[in-house]
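Summary of the model geometry
Each chain, letter by letter, is given below.
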Amino acid sequence: MRTGPSQEEVRRQNLGALLRYVHIHGPTSRAELTSELGLNRSTIGALTADLASAGLVTEAAPRETGRAGRPSLVVRPESARVYAYAFSIEVDQLRVARVGLGGEVLDLRAEERPAGLAAADAVPLLAELVKELQQSVLDGAVYVGGGVSVTRMMRRTDGKAGLSAGAGANAAAVAEPLGAALAGELGADRPVVVGNAADVAALAEHARGAAVGCDNVIYLQRDAGVDAGIIVGGRRLTGHAGQAGQVGHMVVLPGGRPCGCGSRGCWETEIGDHALLNAAGRDLTGGRDAALAIVDAASRGDATAQAAVRQVGDWLGFGLANLVNIFDPEMVIFGGTLRDVYLAAAAQVRSRLNSMALTAAREHVRLRTPQLGEDAALVGAAELAFERLLADPLDAAP
Ligand SMILES: [Zn+2]
């Protein structure tokens, strides 16, 4: 019979918890670690010594505190020495950052993305940017892995989701070859983890943005489609094949409009940019900018635009209520153009939520917009890259 985790397993979990704490919160005194992690002083001392000898943290006396008595040592992540590469493959640009443990962006390069370039074909360009970043790496610094943010697309032929970027691209399932190709370029036998933009944005907001301190979060993203990054109990929900979170294909209207996935009446067909353009009687070829122009017209009193925004806001609340009933999140964040629709139609969204979601699930849920700006993709991609190290520091340490 199994009697619970062994001492060694507990030690490894505690090492991960301590390293994660200083990675997220920055330099922290031993006294604060003792109270925040609920461990005794000698355990914190031993864990810190292990992480320090693995080269992951340093310990030093704090600067003058002005208080009497022996000051508590401060534990710092080795930001300049331990780093990851964070990649963001966007519709019109490619970005790469070297990010230190603790989330500090140490160096950054960006380049225009040539039109029509598939995500997998971006590898040589990304590798060139990495070469430039490598010139500023300190002697003795250690690379622990990479993370990539890329927009998820639906493959029309078989409805399988792949990761690509650029509307209309014939998206193949590129996540695995993309990660492997980048890992090959970077060498050092470290994995490169590929995540869709919604997952990556959720990780970023959870670690360093609007959702700090919330362990149950839904980040709704309107980009190439409608997608969600879902964090449950502090962990990213991936599903068996990494396909979890495709909330845009939740059917809300049987027999409704056809969707790119081959089904009908998906949530995406009622809250996407097309739905807004359609409701306002506009040309459907406009895309994101045209959709945002409708929200803007509504704010300036255009009655047709206002009715369209209210209609889409109502559908936004409809799907949201279902998600709140299923996941019982503490926070829902509206990203991409959903941010603008939510801000313009908060009353409709709230009204649907209040009438459809269970009181126990909705009374504590906070509705928010993203706090991190353009850097969210790189911040989140770095969090993907550090996941393995934070889960088991000694196993993944250099
Ligand atoms: Zn669909």
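The structure contained in this document is the topic of the report that follows. Just so we're clear, the structure is a prediction, and the values are computed from it rather than from any experiment. (Residues numbered from 1 in each chain as written. Predicted model: local features only at pLDDT ≥ 70, side-chain atom pairs only at ≥ 80, totals over all residues. Heavy atoms only, no water.)

1. A short note on the pairing of strand S6 (residues 104-112)
Relative to S6, strand S5 (residues 93-100) runs antiparallel, the two being bridged by 8 bridges. Across the sheet, Val96 pairs through a bridge with Arg109, a residue of S6. Connecting the antiparallel pair S5 and S6 is a turn made up of 3 residues, with Gly102 showing a positive phi of about 100 degrees. (Pairing = 2+ DSSP bridges. Helix = DSSP H or I, 4+ residues; strand = E, 2+ residues; numbered from the N terminus.)

2. Describing the environment of Leu394
Positionally, Leu394 belongs in helix H15 (residues 393-396). According to the relative accessible area criterion, Leu394 is partly exposed, its value standing at 27%. Along the backbone, Leu394 and Gln311 are 83 residues apart, and their C-alpha atoms lie at a distance of 53 Å. (Buried < 20%, exposed > 50% of the residue type's maximum accessible area, 1.4 Å probe, protein only.)

3. Side note on the coordination of the zinc ion
Perfect tetrahedral coordination of a metal by four donors corresponds to 109.5 degrees between them, and perfect octahedral coordination by six donors corresponds to 90 or 180 degrees. Listed as protein donors to the zinc ion are His249 (ND1), Cys259 (SG), Cys261 (SG) and Cys266 (SG); their distances from the metal cover 2.0 to 2.3 Å. Angles of 104 to 124 degrees at the metal separate the 4 donor atoms of the zinc ion, which places the site in the tetrahedral class. Each donor residue of the zinc ion belongs to the same chain, and together they define the spacing H-x9-C-x1-C-x4-C. You can call Cys259 buried: its relative accessible area is 11%. (Donors = N, O, S within 2.8 Å, 3.2 Å for Na, K, Ca; no water. Tetrahedral: all angles 85-135°; square planar, octahedral: opposite > 155°, others 65-115°.)

4. Some points on the side chain of Asn14
Structurally, the position occupied by Asn14 is in helix H1 (residues 7-25). Of the residues examined, Asn14 reaches a relative accessible area of 17% and is grouped as buried. Apart from the residues lying within four places of it in its own chain, the contact partners of Asn14 are Leu39 and Leu47. (Contact = heavy atoms within 4.5 Å.)

5. Quick word on the pattern of salt bridges
Taken as a whole and judged by the stated rule, the model has 18 salt bridges. Between Arg95 and Glu90 there is a salt bridge, and its shortest N-O distance comes to 2.9 Å. Each member of the pair, Arg95 as well as Glu90, carries the same accessibility label: buried. What emerges from the salt-bridge pattern is a single network uniting Glu8, Arg11, Arg12, Asp50 and Asp392. (Salt bridge = Lys/Arg side-chain N within 4 Å of Asp/Glu carboxyl O.)

Treat this as a map of the structure, not an account of what it does.
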